[in-house]
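# A look at the structure
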Amino acid sequence: MLNDRIRNVAIIAHVDHGKTTLVDEMLKQSGSLRHGAEAQERIMDNLDLERERGITIAAKNCSVLWNNVKINIVDTPGHADFGGEVERALMMVDGAILLVDAAEGPLPQTRYVLSKAMEKGLAMIVCINKIDRGDARPDKVLNEIYDLFIDLDADEERLDFPVLYTIGREGVARREVDGSETDLRLLFDTLLHTVPAPQFDPEEPFQMLVANLGYSEFLGRLAIGRVSNGTVRSYDNLARINRNGEQVPLRVLNLQTYEGAKLREVEQATAGDIIILAGIDEVEIGDTICNLAAPKALPRVHVDEPTVSMTFRVNTSPFAGKEGRYLQAPRIEERLKKETLYNVGLKVEAAPCGDAFVVKGRGEFQLAILIETMRREGFELAVGRPTVIFREENGKVLEPIEHLLVDCAEAYLGIVTEKLASRKGRMVHISGGGTGRVRIEFSVPSRSLIGYRNQFLTDTRGTGTLNSYLEGYEEFRGDFPSRLTGSLVADRFGEAVPYAIYNLEPRGRIFVLPGDKVYPGMIVGEHSRDSDLYVNICRTKKLSNMRAAGRDENVILSPVTPMTLERAIAYIRDDELVEVTPKSIRLRKMELRPSK
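The rules we used
Residues numbered from 1 in each chain as written. Predicted model: local features only at pLDDT ≥ 70, side-chain atom pairs only at ≥ 80, totals over all residues. Heavy atoms only, no water. Salt bridge = Lys/Arg side-chain N within 4 Å of Asp/Glu carboxyl O. Helix = DSSP H or I, 4+ residues; strand = E, 2+ residues; numbered from the N terminus. Buried < 20%, exposed > 50% of the residue type's maximum accessible area, 1.4 Å probe, protein only. Patch = residues over 30% accessible without salt bridge, like charges linked within 9 Å, V, L, I, M, F, W, Y side chains within 5 Å. Areas by Shrake-Rupley, 256 points an atom, 1.4 Å probe, with all protein chains shown as cover. Axes fitted to C-alpha atoms, helices over the stretch in contact; angles between N-to-C directions. Parallel < 35°, antiparallel > 145°, perpendicular 65-115°, else oblique. Left-handed = near helix turned anticlockwise from the far one by under 90°. Contact = heavy atoms within 4.5 Å. Nonpolar A, V, L, I, M, F, W, Y, C, P; charged D, E, K, R; others polar.

## Observations concerning the pattern of salt bridges
In the structure shown here, the tally under the stated rule is 38 salt bridges. The residue R335 makes a salt bridge to E339 at a minimum N-O spacing of 2.9 Å. Taken as a pair, R335 and E339 lie in helix α8 (residues 329–342) at a separation of four residues, close to a single helical turn. The buried category is assigned to R335, whose relative accessible area is 9%. For E339, a relative accessible area of 19% gives the class buried. R437 serves as the salt-bridge partner of D407, at 2.9 Å between the closest nitrogen and oxygen. With D407 in strand β24 (residues 396–409) and R437 in strand β26 (residues 437–445), this residue pair connects regions lying 30 residues apart in the sequence. With a relative accessible area of 17%, D407 lands in the buried category. Given the relative accessible area of 33%, R437 is considered partly exposed. Each of D101, K130, R133 and D135 takes part in one network of salt bridges that share partners.

## Observations regarding a nonpolar patch on the surface
A cluster of nonpolar side chains, contributed by F390, V397 and F476, occupies part of the molecular surface with about 230 Å² of accessible area. Within the secondary structure, V397 is located in strand β24.

## Re the packing of helix α4 (residues 108–119) against helix α5 (residues 138–151)
In contact at an axis separation of 11 Å, α4 and α5 are set at 50° when each is read in the N-to-C sense. Between α4 and α5, the angle falls in the class oblique. Of the two elements, α4 crosses α5, and the hand of that crossing is right-handed. Residue-level inspection shows T110, R111, L114 and M118 of α4 in contact with α5, the latter providing L148, F149 and D151. Here the residues of the contact of α4 with α5 are counted per class, giving four nonpolar, one polar and two charged.

Keep in mind these values describe shape, not function.
This is the structure in structure tokens:
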């Protein structure tokens, strides 16, 4: 049977193609936000990091009411590193709106999220967004979208998708680029017509697969998912079937559904709706919640395996404990285990060296977001260089390979190609010659991109864009130098002095500012040669009565680029660590004593 009063749809797109902005307008025009009420931009981006970076990190739900039909909307991340969020979100929906920028066209993450939607067999609506851009090329972009569908083995039925042209910021959806429509009515009507109503079996008892977790100060652990079959009411006696097939009795203390961007408590929910259950302890993503009298498990969620690992260590620097609240190994382990409950794309294992944990994820960016979140919560820790996870099949070592798309000015084509070739990259396609910019596609090992993004921005003077997705595994392509320079390492405690920095600048690039506290083994700069150099960055000028008055008192130092977490993680070598505290990001040698 079908529940025709509900539609469940996900919005999928590449990073910054306008998903969250379009959801804002859908909420406003459907009446889910009270007219005249103050609403911040990107309502669904409710995490501080999401607002600062302008990206969606965690999948989030909301709902709108259109023609007496409830439309549950899931706003998904557009970055492949958060693929676990995408896969969980797509479990709960029957259709997807694919949003593509009218100028940039389909990019690697577009391909990634579309392939996941097609694996689930979801009904598709294509929206070519930002048609008001001066460099918009909607006709060519539509052809590229068809090519992408065909490349993903779409059949004729799949290719018969509705196409709309939208301006998400203004809340406009049109049938044609030059259409006269001024609102999103066409999008809502197309959605109701294209996305099928959720199916359910009236003979089956209540079943729900847990697709997400939340936490409330008043209600405790929250389990979020879509009702597959049956009906659930508050205070029902239910059971939870865990990963081992064990049945744990439980009782629902609170039942909520999405109403607009907020939650509303309800007495009961029916098949097809997305609900939030409270009062369930120790629940995990992938568990089935069902009727206690007739327990029956649903297939667990499957996500792609991690490709990158990092070691999280206890901070052992001389400055440990001065800026953070939590630095003990048990607290770090507890926090990492908690993260795996909410993020099924992460795995945590104990490291053999003790007081350290190996965290495996989908990419270095996902792990950087986790570290940034922890430091804002008051944690201190030290992290090592990201390393890719190799596989072994038939006696051969396989490594993850990325499909890389580079967009840059023609003048930088040579340097980009040269750098990627030295990192075992292979060019597979080039287009756009004669327009001033080129698009180049490469097949490169995942390890080649660790530390390359900042170098790429330098090589293209900040004008190039770089996007990639995991293409698969291939035989190991061989070693290559990851960094050709050494480090300038402090040899004593003290504060960095302008005079010492000025005299060290010919040796390389300095990372610290005058007045910064340093300790032995702390990295204070990049050496211009391939070896490490221990330096005294605290040395002051010896004064004597022979010095001419007013001479050499002021030195002009080169500007220092602030060391961000992503830059630090990409920069370090295998024998170096990044010391992360709520206030500082420092680089250090793994072994602080030069004699060792």
